[in-house]
Amino acid sequence: MELRTRDAILEALSRVIDPELRKPVTELDMVRDVAVDGGRVDVTIALTVAGCPLRNSFEDQVRQHVGGLDGVETVQLHFDVMTPEERGVLTTKLRGGTEPRGEGLSLDARTRVIAVCSGKGGVGKSTLTTNIAAALVARGEQVGLLDADVYGFSIPHMLAATEKPIVIDKMIVPPVKQGLKLMSIGFFLDENKPIMWRGPMLHRALEQFLKDVHWGQLDTLVVDMPPGTGDVAISLGQMLPRAEVVVVTTPQPLAQEVAIRAALMANQTGMRLVGVVENMAGEVFGTGGGAALAQELGVPLLGSVSLDPRVREQGDAGEPLVSADPDAPAAQEIQAVADRIAELRKPEPGGFVKSLPLVS
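Residues numbered from 1 in each chain as written. Predicted model: local features only at pLDDT ≥ 70, side-chain atom pairs only at ≥ 80, totals over all residues. Heavy atoms only, no water.

Read across the sheet, three strands follow the order β1-β2-β3 without closing on themselves; strand pairing throughout is mixed. Of all strands in the sheet, those bounded by a partner on one side alone are β1 (31-37) and β3 (74-81). Across the sheet, the mean angle separating the axes of adjacent strands is 15° when strand polarity is ignored. Across six bridges, β1 lies against strand β2 (residues 40-47) in antiparallel orientation. Bridge pairing in β2 links D33 to T44. The strands that helix α1 (residues 6-13) touches are β1 and β2; relative to β1, the one it contacts most, it runs at about 135°. (Pairing = 2+ DSSP bridges. Helix = DSSP H or I, 4+ residues; strand = E, 2+ residues; numbered from the N terminus. Axes fitted to C-alpha atoms, helices over the stretch in contact; angles between N-to-C directions. Contact = heavy atoms within 4.5 Å.)

Among the nonpolar cores identified, the biggest contains 79 residues, and L146, L210, L221 and L236 are the most heavily contacted of them. Looking at this core, the element that brings in the most residues is helix α8 (residues 253-268), giving seven residues. Setting aside residues up to four positions removed in sequence, L221 forms contacts with L107, T111, R112, V113, I114, G144, L145, L146, L210 and W215. (Core = buried A, V, L, I, M, F, W, Y, C linked by side-chain atoms within 4.5 Å. Buried < 20%, exposed > 50% of the residue type's maximum accessible area, 1.4 Å probe, protein only.)

Turning our eyes to something else, we now look at the environment of V311. Positionally, V311 belongs in helix α10 (residues 309-317). Relative accessible area serves as the criterion here: at 14%, V311 is assigned to the buried category. For the pair V311 and V322, spaced 11 residues apart in sequence, the C-alpha separation works out to 8.7 Å. Contacts of V311, omitting those with residues within four sequence positions, involve T127, N131, L321 and A330.

Below, the structure is given as structure tokens:
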């Protein structure tokens with residue numbers, strides 16, 4: 001194709017995708033100017049904020065798509081910054097592309113919410129949550145990962161996510177890492193500063209994550225819940241009563257006993273329990289506890305994941321095992337759990353299959 005018109009360049013730019021907003025720069029009105037002088041093309045893109053950390057992505061994409069046109073000899077990319085008025089138009093456009101799940105929520109009504117819970121800490125819930133989310137991405141889904149474990153946030157570390165969210169006219173754009181849109185209280189804290197908040201502040205933080213964050217058109221939002229049955233679990237149930245709950249337990253009886261409390265919380269707050277995952281199965285903790293818990297609750301056992309040090313090692317390295325080595329036995333077991341969750345995407349109406357007794 002000969003380079004004859006500005007339209008040819010704009011068509012090429014329509015394949016340049018903003019890595020955070022996940023939309024073409026032409027659709028987002030980010031193309032400020034296109035100039036052609038013989039075989040030289042100059043493109044100016046208006047960034048949402050100054051100092052955007054993802055400039056290299058734009059440079060690589062423009063070089064690939066515009067530089068590949070016939071007749072183009074050199075491409076120069078220049079950056080500008082959107083005015084406050086342009087950012088206002090952009091946020092209106094982005095918010096208008098979704099059908100809100102509830103009043104004031106930015107989450108699309110078609111987005112499935114999977115809340116991963118546990119009765120207590122130490123059962124590998126956050127590591128398993130991260131791997132399940134990555135496994136859903138591997139299936140081709142658009143996935144968000146919300147770290148609602150406010151006191152024990154660890155998702156940014158397990159995905160080596162160091163980029164901060166961007167604020168555009170009071171709208172928070174989550175960073176994207178390994179195909180996942182991420183949000184965590186850890187992005188807003190200095191280093192490893194502890195959280196010392198009471199219930200109302202926790203509720204407000206979760207509310208902001210669901211109202212002010214631009215999640216876009218996700219297939220699934222996976223939520224790493226704090227262990228137990230505290231304020232955050234209650235708040236999520238109030239804001240997202242149709243969320244589906246996956247309970248994580250280790251095989252030993254004590255873990256099963258406390259996991260039932262998380263299931264009760266889901267029942268009492270309007271969320272739906274879809275299944276149980278047994279984690280760390282093997283010689284150390286035994287096997288079969290997850291199946292026993294699932295039978296007691298009257299829900300499916302979604303899978304049993306073996307105790308494998310590589311799951312922990314990859315979490316420390318910032319890349320989930322399902323991404324780093326999808327053929328590893330533990331990765332295959334986690335992928336099977338994600339496949340089972342995906343198969344249950346259209347649940348039958350109602351909550352628990354089995355009615356649970358209330359405890360005081």
